[in-house]
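Residues per chain are reported as follows:
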Amino acid sequence: MMKIPNADFLERTGSEILGARLWKFPPKSASTLHRHPKAEEFFFVVEGTGRIRIGEETITVPKHGGVLVGPKLLCQVFNDTDEEVLWLIVGAPEELEFLQGPKSKIDLSAFYPVDPKQLPKELAGHKWPPASS
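Read on for a plain summary of the structure. (Residues numbered from 1 in each chain as written. Predicted model: local features only at pLDDT ≥ 70, side-chain atom pairs only at ≥ 80, totals over all residues. Heavy atoms only, no water.)

**Concerning the side chain of Glu-41**
Locating Glu-41 in the fold gives a position in strand β4 (residues 40-47). Buried and unpaired, Glu-41 has Arg-21 as its nearest opposite-charge partner, separated by 8.3 Å. Polar side-chain contacts of Glu-41 include one of 3.2 Å to the side chain of His-34. Within the local environment of Glu-41, its side chain forms a polar contact with the side chain of His-36, the two groups lying 3.3 Å apart. Glu-41 has contacts with His-34, His-36, Val-67, Leu-68, Val-69, Cys-75, Ile-89, Val-90 and Gly-91, leaving out every residue within four places of it along the chain. (Helix = DSSP H or I, 4+ residues; strand = E, 2+ residues; numbered from the N terminus. Buried < 20%, exposed > 50% of the residue type's maximum accessible area, 1.4 Å probe, protein only. Lys, Arg positive; Asp, Glu negative; His and termini not counted. Salt bridge = Lys/Arg side-chain N within 4 Å of Asp/Glu carboxyl O. Polar contact = N/O pair within 3.5 Å; in protein donor to acceptor, adjacent residues only side chain to side chain. Contact = heavy atoms within 4.5 Å.)

Structure (structure tokens):
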């Protein structure tokens, strides 16, 4: 939805318990503002300085630092710097019952109770995601 490059490392394993992705955040970008009904997520900064908002609080995470976000908490990773930031995000349990298929009519409000594309105040004046080409 927000066009952040990422790679799913556990997709091929078929794990129904754990999910893990590397996310490369370009300068002045943000993920969706979301929450998970049941899953916890651990956010770990591999390169750069990370920023995440959890509820109304913004946290700065140094390289090789991490933060745990519990179920039902609204969160959004963003990059308000001029350098790329690489995050490893691991979550469990996988919420496979919420995956959308071509015929799903799933109510995604459990994940997105507010506009998922809204940007944090730190990116005011910037536009993300980029326009489709």
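Here the narrative resumes, following the displayed structure.
**Comments concerning the packing of aromatic side chains**
Evaluation of the coordinates by the stated rule reveals four aromatic pairs. Note on Phe-43 and Trp-87: the rings are 6.1 Å apart at their centroids and 90° apart in plane angle, and the pair reads as edge-to-face. Linking Phe-43 in strand β4 with Trp-87 in strand β9 (residues 85-92), this pair joins segments that are 44 residues apart in sequence. Trp-87 gets classed as buried once you look at its relative accessible area, which sits at 0%. Note on Phe-111 and Tyr-112: the rings are 6.4 Å apart at their centroids and 45° apart in plane angle, and the pair reads as tilted. By relative accessible area, which is 9% here, Phe-111 ends up buried. (Phe/Tyr/Trp six-rings, centres within 6.5 Å; stacked < 30°, edge-to-face > 60°.)

**Focus on the sheet that holds strand β2 (residues 19-25)**
Taking strand neighbours across the sheet as the criterion, the five strands line up as β1-β2-β9-β4-β7 in an open arrangement whose pairing is antiparallel. The outermost strands of the open sheet, each flanked by one partner alone, are β1 (6-8) and β7 (66-69). Across the sheet, the mean angle separating the axes of adjacent strands is 20° when strand polarity is ignored. Sheet analysis places β4 next to β7, joined by four bridges and oriented antiparallel. Directly across from Phe-44, in β7, lies its bridge partner Gly-66. (Pairing = 2+ DSSP bridges. Axes fitted to C-alpha atoms, helices over the stretch in contact; angles between N-to-C directions.)

**Thoughts on the nonpolar core**
In this structure, Phe-43, Ile-52, Val-77 and Trp-87 are the most contacted members of the largest nonpolar core, which totals 19 residues. For Ile-52, the residues in contact, after removing those within four places along its chain, are Phe-43, Glu-57, Thr-58, Ile-59, Val-61, Val-67, Val-69, Cys-75, Gln-76, Val-77, Phe-78 and Trp-87. (Core = buried A, V, L, I, M, F, W, Y, C linked by side-chain atoms within 4.5 Å.)

**Some points on the sheet that holds strand β8 (residues 75-79)**
Across the sheet, which stays open at both edges, the four strands sit in the order β3-β8-β5-β6 with antiparallel pairing between neighbours. Of all the strands in the sheet, the pair left with one neighbour each is β3 (29-30) and β6 (57-61). Strand direction decides the pairing type here: strand β5 (residues 50-54) and β6, joined by five bridges, are antiparallel. Bridging across to β6, Arg-53 finds its partner in Thr-58.

**Quick word on the pattern of salt bridges**
A side chain with one charge may pair with a side chain of the opposite charge, provided their charged atoms come close. Scanning the entire structure with this criterion turns up six salt bridges. For Lys-63, the salt bridge goes to Glu-47, with nearest N and O atoms at 3.4 Å. Taken together, the positions of Lys-63 in the loop between β6 and β7 and Glu-47 in strand β4 put the pair 16 residues apart, joining distant regions of the chain. A salt bridge links Arg-51 to Asp-80; the nearest nitrogen and oxygen atoms lie 3.3 Å apart. Here Arg-51, found in strand β5, pairs with Asp-80, found in the loop between β8 and β9; they are 29 residues apart in sequence, far enough to count as distant.

Everything listed here is a matter of geometry and, on its own, says nothing about what the molecule does.
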